[in-house]
Amino acid sequence: MSKFQLMTKDQEDLVAMVHDFMGKKVDPYVDQWDRESHCPMEEVRELMDLGFWGIDVPEEYGGAGLDVTTIMYIRQAMAYHDAGFTNTFSAQTFGWKPVLLAGTEEQKKYWGQRLAEGAFWAMCITEPQSGSDAGNCKTKAVKDGDEYVITGGKTFITNGGVSDLYTVTCSTDPSKGKHGISLFIVERDRPGVSVGKHEDKMGIRSSNTTDVVFDEVRVPADHMIGAEGTGFKTLMKMLSRTRPTGVAPAVGVAQRALDLAIEYSRTRLSFGQPIGKLEGIQFKLADMEMKLQCCQSQLAYSAALVDKGIYDTLVGSCTKCFVSEAVLDICLQAQQIYGGYGYSKEYPLEKLVRDARKQYVNVLRVQATTLPIAVASFVTMVQFLMQGYLPSLYDSLGIYIPLIVVNCIILGRAEAYASKNPVLPSAFDGLGMGLGFTCAITILGAVRELIGAGTILSTGSSALVTIPESVYTPASIFILAPGAFFVLAMCIAIMNKIKAKHGMEPAQVPDYCSKDGSCDSCANTMCGGKAFAEEKKQA
Ligand SMILES: Cc1cc2nc3c(=O)[nH]c(=O)nc-3n(C[C@H](O)[C@H](O)[C@H](O)COP(=O)(O)OP(=O)(O)OC[C@H]3O[C@@H](n4cnc5c(N)ncnc54)[C@H](O)[C@@H]3O)c2cc1C
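Residues numbered from 1 in each chain as written. Predicted model: local features only at pLDDT ≥ 70, side-chain atom pairs only at ≥ 80, totals over all residues. Heavy atoms only, no water.

Description of the pattern of salt bridges
Considering all chains together, one arrives at 18 salt bridges under this definition. With a closest N to O distance of 2.7 Å, Asp200 and Arg205 form a salt bridge. A relative accessible area of 60% means that Asp200 is categorised as exposed. Taking the relative accessible area as the measure of exposure, Arg205 reaches 15% and is therefore buried. Between Glu350 and Lys345 there is a salt bridge whose closest N-O contact spans 3.0 Å. The class for Glu350 is buried, based on a relative accessible area of 13%. (Salt bridge = Lys/Arg side-chain N within 4 Å of Asp/Glu carboxyl O. Buried < 20%, exposed > 50% of the residue type's maximum accessible area, 1.4 Å probe, protein only.)

This is the structure:
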């Protein structure tokens, strides 16, 4: 097991305590819990009693108030023994996080105390029809006097069946889409709350995952977190702060897989010698160690940033994505080193691979959607060329800008509906692109005029100037298109700078963009470059 050189003495002691507890109280039962999909609440509570209740709840609100780096080390250490157990432990305060971000002082004090006293608090976002697309929320909360009445069903809820409290995303105004989502605290013992189907999962089977049903559940209005309609934004912020610790257990799983592989390679004989002496196996182990070290370093860096109050979506997303891929790879290589025994339930690798897979499936790989823009631009370009003319600057302003705007919006929407991708160009972006085209056409026209290939700059509204046959060739399309796209890109970049300066949303981002880079669902390459990493990740 690696030693983390940057750990403080306190962190080392806590980690040692966790290993000690897990070794004695968890290791002997891990296989049985995995087989039976049993969530060991008694043991989790016992560990919590050692000082971990409300692990990330600030001390002023009654919690343990540990920093993200320490929690990250603790989760790695715990998952070294069982990732499912770690999931149950970690999710104790999952539902609390929005309260810390958007709740009132009163709420923080009251509900923070509940956690410190031993409540489990789950987060209910996912619904049968929407996981990644968390804004598509069908659970409703309807105001009735001083109360809200909540009706709907959530699925895949970690600790759904063992929690005392739930934070629930509800639509308070369906006409506003994600801007109509609000967050509510719901106690499990309220009439109308019930726990539904238990998810029979592939991995982390000792973690409880269930449906939770809300059937006309009445909650007081003061159970709402933040103002009405701000729930989605709070959620996105929360996710950007939880990524580093979120993937920490996966690294614990990988460390276990590597340790087991090393041990096995020393004892397993093949062709008269331990397989660890074979160069092929040594290469594998070195590769696993390298990847593990990168995961640990990246995790430590991400956690340190959050501890400093720097919520860098790019770093968080890269961490989540890289770690989830590397961990699965390490576990698969370890399984390979175990040969046939790696495939047997009698040996530990089979379970570790299943556990590692969990982190990976939860990583959304959102593609950067430049497609609507590219298609829209291309269509307009073809429109120009098919008609055999180019417009003057004057014509561009009057005709082509609206045309391009409409193209962008129609194609953007169509692509979004087809792929469920929320990244859309706005009318503003369309305008920017129109301006880009205008500039591109003007510049290209000037060049053509210079080289004597034809005049396209004119002053009248009827001045649609014919391109000479000699220039209107496929070759000219190849010359025109990249030039136009380049100018377009410049224009979009300029529009984004203007937007950023005035606090407007960057181009092509969903309209729930948090503007502070904390958005979890956006793959927008224009978002200060931050969400580019999301191309390979998920929210
Ligand atoms: C063990 C476990 C515990 C969980 N715990 C909780 C919990 O406590 N609370 C909670 O609310 N939810 C929880 N979830 C649900 C989890 O958040 C969702 O599974 C996740 O958001 C993905 O949603 P989905 O399963 O509906 O997949 P979908 O959103 O339907 O995605 C299906 C596939 O399409 C891809 N995809 C989707 N959108 C895009 C896009 N725009 N671009 C490219 N690809 C895309 C996805 O990457 C995925 O591969 C849990 C899930 C698991 C497995």
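Points about the packing of aromatic side chains
Under the definition given, this model contains 12 aromatic pairs. Geometrically, the ring pair formed by Tyr29 and Trp33 is stacked, given 5.7 Å between the ring centres and 25° between the ring planes. Among the aromatic residues, those joined into a ring-pair cluster are Tyr61, Trp96, Tyr110, Trp111 and Trp121. It is Arg241 that lies over the ring of Tyr311; its NZ or CZ is 3.6 Å from the centre. (Phe/Tyr/Trp six-rings, centres within 6.5 Å; stacked < 30°, edge-to-face > 60°. Lys NZ or Arg CZ within 6 Å of the ring centre and 35° of its normal.)

A short note on the side chain of Thr319
Here Thr319 is to be found in helix α11 (residues 313-337). Polar side-chain contacts of Thr319 include one of 3.0 Å to the side chain of Gln298. Once residues within four sequence positions are removed from consideration, Thr319 is found in contact with Val247, Gln298, Leu299, Ser302 and Ser324. (Helix = DSSP H or I, 4+ residues; strand = E, 2+ residues; numbered from the N terminus. Polar contact = N/O pair within 3.5 Å; in protein donor to acceptor, adjacent residues only side chain to side chain. Contact = heavy atoms within 4.5 Å.)

Considering the pairing of strand β2 (residues 140-144)
Both β2 and strand β3 (residues 147-158) contribute to a ladder of 5 bridges, which runs antiparallel. Across the sheet, Asp144 pairs through a bridge with Glu147, a residue of β3. What sits between the antiparallel neighbours β2 and β3 is a turn of 2 residues, in which Gly145 has the positive phi angle 65°. (Pairing = 2+ DSSP bridges.)

Some words on the packing of helix α4 (residues 68-79) against helix α10 (residues 279-307)
Running from N to C, α4 and α10 point in directions that differ by 145°, and their axes come no closer than 8 Å. Seen from α4, the contacting residues are Val68, Thr69, Met72 and Gln76; seen from α10, they are Gln296, Leu299, Ala300, Ala303, Ala304, Val306 and Asp307. Taken together, the residues of the contact of α4 with α10 sort by class into 7 nonpolar, 3 polar and 1 charged. (Axes fitted to C-alpha atoms, helices over the stretch in contact; angles between N-to-C directions. Nonpolar A, V, L, I, M, F, W, Y, C, P; charged D, E, K, R; others polar.)

Considerations on unusual backbone geometry
Positive phi values are uncommon outside glycine, yet Phe156 reaches one of about 60°. Among the structural elements, Phe156 can be located in strand β3. At Phe271, a residue that is not glycine, the phi angle is positive and equals roughly 50°. Tracing the backbone shows Phe271 in the loop between β9 (269-270) and β10 (273-274).

Side note on the state of the cysteines
Enumeration over the complete set of coordinates arrives at 0 disulfides. Of all cysteine sulfurs in the structure, the one in Cys137 sits closest to Cys170, which takes part in no disulfide; the separation is 6.0 Å. Taking the relative accessible area as the measure of exposure, Cys170 reaches 0% and is therefore buried. (Disulfide = S-S within 2.5 Å.)

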